[in-house]
Structure formats: structure tokens, C-alpha cells
Amino acid sequence: MANKWLLSCLVYLEDEEDRINELCRTLEADGWQNYNGYVYENSAAGSPPFFYNLQTANIMILVLHQSVDDWQAGMDKVKDYEQRTGLKPQDLLETCNILLAVGEEWKNMMDSCQQIVPASETLDLGLREGGLTRFMGNARVYLAGLPAYNPRYVKFLAQKLPLIESALIRLQMVSSLMRDRNVTVTRERADIDHRLSNVLHSNLVLEQGKLKAVEDLETQIQALSSAYGILAGDFSLLAEGNNRLNTAIQKLRHMLLNEPVLDIGPEALHELIMPYEQRLQEVQASLDELRLSRENHQAAIDVVRSKVDIMMSRTNIETQQQIEDLMVLNTSMQKQSLTFQFAAGLIEFIVLAYYGHSLWKNLAHAAYESIPTSIQLVFVLLFSGGTVYCTHLWAEFLQGEHHVKKKVIATTAILLILFTVILIASVLYPAGVS
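Rules used throughout
- Residues numbered from 1 in each chain as written.
- Predicted model: local features only at pLDDT ≥ 70, side-chain atom pairs only at ≥ 80, totals over all residues.
- Heavy atoms only, no water.
- Helix = DSSP H or I, 4+ residues; strand = E, 2+ residues; numbered from the N terminus.
- Buried < 20%, exposed > 50% of the residue type's maximum accessible area, 1.4 Å probe, protein only.
- pLDDT = per-residue confidence, 0-100.
- Contact = heavy atoms within 4.5 Å.
- Pairing = 2+ DSSP bridges.
- Axes fitted to C-alpha atoms, helices over the stretch in contact; angles between N-to-C directions.
- Patch = residues over 30% accessible without salt bridge, like charges linked within 9 Å, V, L, I, M, F, W, Y side chains within 5 Å.
- Areas by Shrake-Rupley, 256 points an atom, 1.4 Å probe, with all protein chains shown as cover.
- Salt bridge = Lys/Arg side-chain N within 4 Å of Asp/Glu carboxyl O.

Q: What's the story with the environment of Glu 22 in this structure? I'm lost.
A: The topology assignment puts Glu 22 in helix α1 (residues 17-29). A residue is classified by how much of its surface remains accessible, and Glu 22, at 37% relative accessible area, is partly exposed. Placed 63 residues apart in sequence, Glu 22 and Thr 85 show a C-alpha to C-alpha distance of 6.6 Å.

Q: Would you take a moment to explain the confidence of the model for the protein for this structure?
A: For any part of a model where pLDDT is low, the fine detail of the predicted coordinates should not be relied upon. On average, residues of the protein score 82 in pLDDT, and 85% of them reach the 70 mark or higher. Counted against residues more than four places away or in other chains, residues 206-211, with its pLDDT under 50, gives six contacts.

Q: Can you walk me through the pairing of strand β7 (residues 131-135) in this structure?
A: Remark: a regular strand shows side chains that alternate across the two faces of the sheet. Within β7, five of the five residues are buried, which leaves the element mostly enclosed by the surrounding structure. With burial as the criterion, each face of β7 is covered, one bearing Gly 131, Thr 133 and Phe 135 and the other bearing Leu 132 and Arg 134. Bridge analysis of strand β6 (residues 122-124) against β7 gives three bridges, and the strand direction is antiparallel. When the sheet's bridge partners are listed, Thr 122 is paired in β7 with Phe 135. With antiparallel pairing between neighbouring strands as the criterion, β6 and β7 make up a hairpin whose turn holds six residues, including Gly 126 at a positive phi of roughly 85 degrees.

Q: Would you explain the sheet that holds strand β8 (residues 141-146) in this entry?
A: Backbone hydrogen bonds hold the strands of a sheet together, and the pairing may be parallel or antiparallel. A sheet is described by the order of its strands in space; here eight strands give the open sequence β2-β3-β4-β1-β5-β8-β7-β6, paired in mixed fashion. Both outer strands of the open sheet, β2 (33-34) and β6, are each paired with one neighbouring strand and no more. Against the sheet, helix α3 (residues 106-116) contacts β5 (94-102), β6, β7 and β8, and its axis sits at roughly 160 degrees relative to β8.

Q: Quick question: what am I supposed to make of a nonpolar patch on the surface here?
A: Residues Leu 326, Leu 329 and Met 333 make up a contiguous nonpolar surface patch of about 310 Å² in total accessible area. Mapped onto the elements, Leu 329 comes out in helix α6 (residues 266-363). Residue class for Leu 329 comes out partly exposed when judged on its relative accessible area of 47%.

Right under this line is the structure:
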């Protein structure tokens, strides 16, 4: 009676479920039993082969459980099924084989397995009863040996070990993704830091003797802000990946350390997880570099912005000085304008007084001779001064200064009264004299 079993685990994503279903239909047509999960009653030596599905998150595992006389022949049989149904390697995430033997010497088992997985390093995971070795090559093969058939250990190998392997596959996928992402981010950060060095060199060394245009500095601020945004995005991207990678490592560690039938030692656990912890350390180092680079860019933005503020302050001071000079000039011009206006007003008054007196004398000579000289002088001076003041008010009013409207009306009325008095006096005085 055969005392060997082969558990072939096909690990795939939910998207490839149609192709896997086609394989399942082919297996059923050849007499394989389709179960929802591992069935202990049908797993003894010589039992008919069966298959079942396991799932963790979005990763599916199709386990083909068969009792075999030769492991290699069983593996070739599974390969034949894959070829018949058109299932290609790229349709699967990975393929894992668990080789189980009961009551055989471990050395003979290892020799047989070495022929299946030649030149491959091994890692002893350890079982509390029997042995469990993982071949560390690309073949993904586990070799398990039990002194006697133990349903508890067989159930672990048939159910929990494929889930542990799927967790390891997930961890490798995340690690590979983070390796590529880390390389890209590191290259991008180095390029950005190089541009930052050029900006700081041009601002702090080359431009000491002269001021750059404000527009150039603002362009640099925009470039630095854009680089800061890229660094912030890269930091967020790596931080998210760092959390995913750390979570995957802790999940695998928890599964290995909390499995009752496993007796994995610290060295074996370290060797299995070490590459991913190193990747995690690389990502965390990149996060520290990104954080430092981001702080440097923020400091550079502050430096350039301070330089812009200083230049703007100097420009404002120069502008204020120019405005002050203009105000002084304007004040001086206003003083001269007031002088000219006073002189023009005085001349206008004198001219009006002279010609008003002369016109009165020539047009109404009899009245002029009859009116006392003091009264003539008073009326001529009032009329001339009022006319000058009234014309200035009218000029302001016509230019839009409507607040002088009342003064315009008052002075115009006074001038009309004075003019009327002069006319009446010119008419009455000759009549009174005769």
C-alpha cells in the first residue's frame, strides 16, 4: 500500500477563476472528487484523488490531493492536466508541491526529493512529530515526513501550509513591488536633490555680488514647490508600501509561530523572513532620506522666499523714497502755484478795478461826478474783488467741485446787487443833482 501523498497547490487570483474551473471540470471527468475543503475521511493511503479550494483575501488556492507511489509521476500528472486545459504559468501566481511520506526514513526521502529539486538549498521548518523541510529554490517544494499517519498533522499540511505558502507568496509580491518602487523613488529623489544643490549654489554662492530678478526667484520657488510635491507623493507612496510590507511580514511571522504542530527555530524563522526584513529596512531608510530631502526643500523654499521678501522690501523702500521726493517736488510746485495764483488774482483785481472805474467814469460821467469819491472807491473795490472771487468759484464748479455751489450762488447774487446799485446810483444821482 502506498504511503506517499502529493498535494499540488495552484495559487491564483480571482480573475483567473474561469481557467481554473475548466481544469476542475477536467479533473472531475477523470474521477477526481470535488470538495469544498479538505476531507480527512478521504485522505488515507489509496483513497481516490480529490481537490478543493482555499482562499485568503483575494488569493485563491486550488489543492490537488492524491495518494501516489512516486512523487515525480504525480507532479507530471498535474502538469499534464494543466497542458490539457490550456492553463499557462502566467495564469497562476505560483505552483507549490507538498511531498508527504509516512513511516519512511528521512534520508531516503531527502535523496528522492533531491532528484526532483536538484541543487536546491533546504530550510528545516520543524514539526513536533516528524520533519518538514522547504526547498528554497524556485520550485517551491515542501518535504514532510511523519512517523505514523496523524490526521492532525496531515490536516495542517493540507490546509494551513498552503495558506502559509500563499502568505509567503504575497510577501514576495509586495517585496518585489517595493524593490522596484524604491529604486524608482531613490533615483527620482537623487535627481531632485541634485537640482536643489544647483539652486542653493546659484543663490548662496554665485549671486552674492548681484541680485537676481524677482521673477527668476519666483520661478525657482515654483520649481522647488513642484519638487516638494513630488517628494511628498513619493513619501506617501513608500509609506503605504512600508505598511503593507510590514503587515505581510508580521502576518507570516504570526502564522509560523502560532501553529501548534510547527516547531520552527529562531534561525530558520530568521532565514525565511530575513530578505523581506532587509527590504523593509531599505524602504524605511528611503523614507528617512525622503523626509530629510523634503525638509531641505522646505528650507530652500523659505530661503528663496526670504530673498524675494528682502528684494521686495528694498524695492518698496526705493519706491517710498521716490514718492517722498515727488511729494516734496509737488509741495514746492504747489507753493509756486499759490504764489502765481495770488499774483494773477491781484493783477486781475487791479485790472478790473482800473477798468471798472474808467468805464464808470466814461459811460456815466454825470453820475460819476455826483457820487462822492469814497463811495466810488468802495463800490469799485467790492465789485472788482467779488468778480475775481466769483470767477474762481465758477471755475472750480465747472471742473466738478460741486461743494462750492452755495458760494457760487451767494457771490453771484452779491455781484448782481452791486451792479444793480451802481446802475441805480448812476441814474439817480444826476437826477438828484439837477
